[in-house]
Amino acid sequence: MFGLPPLPLLVVQPFHLKLFLSNKYIYGQIWRAADQHVVAAASTIEAPVREALKEAGASASCSQAASRVGQLLAERAQKAGVSGVTWPRRRGESYHGKRKALLDAMREAGLPLI
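In this text, all values refer to a predicted model and were calculated from it rather than measured experimentally.

## Some words on the sheet that holds strand S2 (residues 26-32)
Right, on to step 1. Read from one edge to the other, the open sheet built from three strands follows the order S1-S2-S3, with strand pairing classed as antiparallel. Edge positions in the open sheet fall to strand S1 (15-21) and strand S3 (37-43), since each of these has one partner strand only. In this sheet, neighbouring strand axes are inclined to one another by 20 degrees on average, regardless of whether the strands run parallel or antiparallel.
Right, on to step 2. Against the sheet, helix H3 (residues 98-108) makes contact with S1 and S2, and its axis sits at roughly 145 degrees relative to S1, the strand it touches most.

Next up, the structure:
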């Protein structure tokens, strides 16, 4: 009888994208908002990605590497049953350079931003 009223549904989109771009590597994760479970992840630390970038003559932190991580992330997310993700931009995060390359590669691979 007493207590708080039920909270409104704060999480509209079930899957979120988290990006981390360091000076050496690029990381991406898609996590489910309900239980904070990581559904798919990709980074330039993985051996197949490093080898492909080494053959192409690219570093592990350039925009070409970001697009490769975006493709892998989209493929793995689709295998896990994800149909679209949201990217909650933090304050100051701009949409250009490596972030733009990664997000565009995800879209081209068939995983849209919602």
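## Considerations on the pattern of salt bridges
Right, on to step 1. One pass over the structure, following the stated rule, counts six salt bridges.
Right, on to step 2. For the salt bridge of Arg76 with Glu46, the shortest nitrogen-to-oxygen distance reads 2.9 Å. With Arg76 in helix H2 (residues 63-79) and Glu46 in the loop between S3 and helix H1 (47-56), this pair connects stretches of sequence that are 30 residues apart.
Right, on to step 3. Among the residues examined, Glu46 registers a relative accessible area of 22% and is labelled partly exposed.
Right, on to step 4. In the salt-bridge network here, residues are joined through shared partners; they are Arg90, Glu93 and Arg99.

## What to know about the side chain of Thr44
Right, on to step 1. Note on placement: Thr44 falls in the loop between S3 and H1.
Right, on to step 2. Polar contacts involving the side chain of Thr44 include one to the main-chain amide nitrogen of Ile26, which spans 3.0 Å.
Right, on to step 3. Here Ala60 takes part through its backbone oxygen, which lies 3.2 Å from a polar atom of the side chain of Thr44.

## A closer look at the nonpolar core
Right, on to step 1. Counting 25 residues, the largest nonpolar core has Leu17, Ile30, Leu73, Val85, Leu102, Met106 and Leu111 as its most contacted members.
Right, on to step 2. Those elements giving two or more residues to this core turn out to be S1, S2, S3, H1, H2 and H3.
Right, on to step 3. Counting residues per element, this core draws most heavily on H2, which supplies seven residues.
Right, on to step 4. Residue contacts for Leu102: discarding those within four places in its chain leaves Leu19, Ile26, Ala66, Ser67, Val69 and Gly70.

## Things to note about the environment of His16
Right, on to step 1. Tracing the sequence through the fold places His16 in strand S1.
Right, on to step 2. Assessed through its relative accessible area of 15%, His16 is described here as buried.
Right, on to step 3. Separated by 17 residues in the primary sequence, His16 and Ala33 place their C-alpha atoms 6.7 Å from one another.

Rules used throughout
Residues numbered from 1 in each chain as written. Predicted model: local features only at pLDDT ≥ 70, side-chain atom pairs only at ≥ 80, totals over all residues. Heavy atoms only, no water. Pairing = 2+ DSSP bridges. Helix = DSSP H or I, 4+ residues; strand = E, 2+ residues; numbered from the N terminus. Axes fitted to C-alpha atoms, helices over the stretch in contact; angles between N-to-C directions. Contact = heavy atoms within 4.5 Å. Salt bridge = Lys/Arg side-chain N within 4 Å of Asp/Glu carboxyl O. Buried < 20%, exposed > 50% of the residue type's maximum accessible area, 1.4 Å probe, protein only. Polar contact = N/O pair within 3.5 Å; in protein donor to acceptor, adjacent residues only side chain to side chain. Core = buried A, V, L, I, M, F, W, Y, C linked by side-chain atoms within 4.5 Å.

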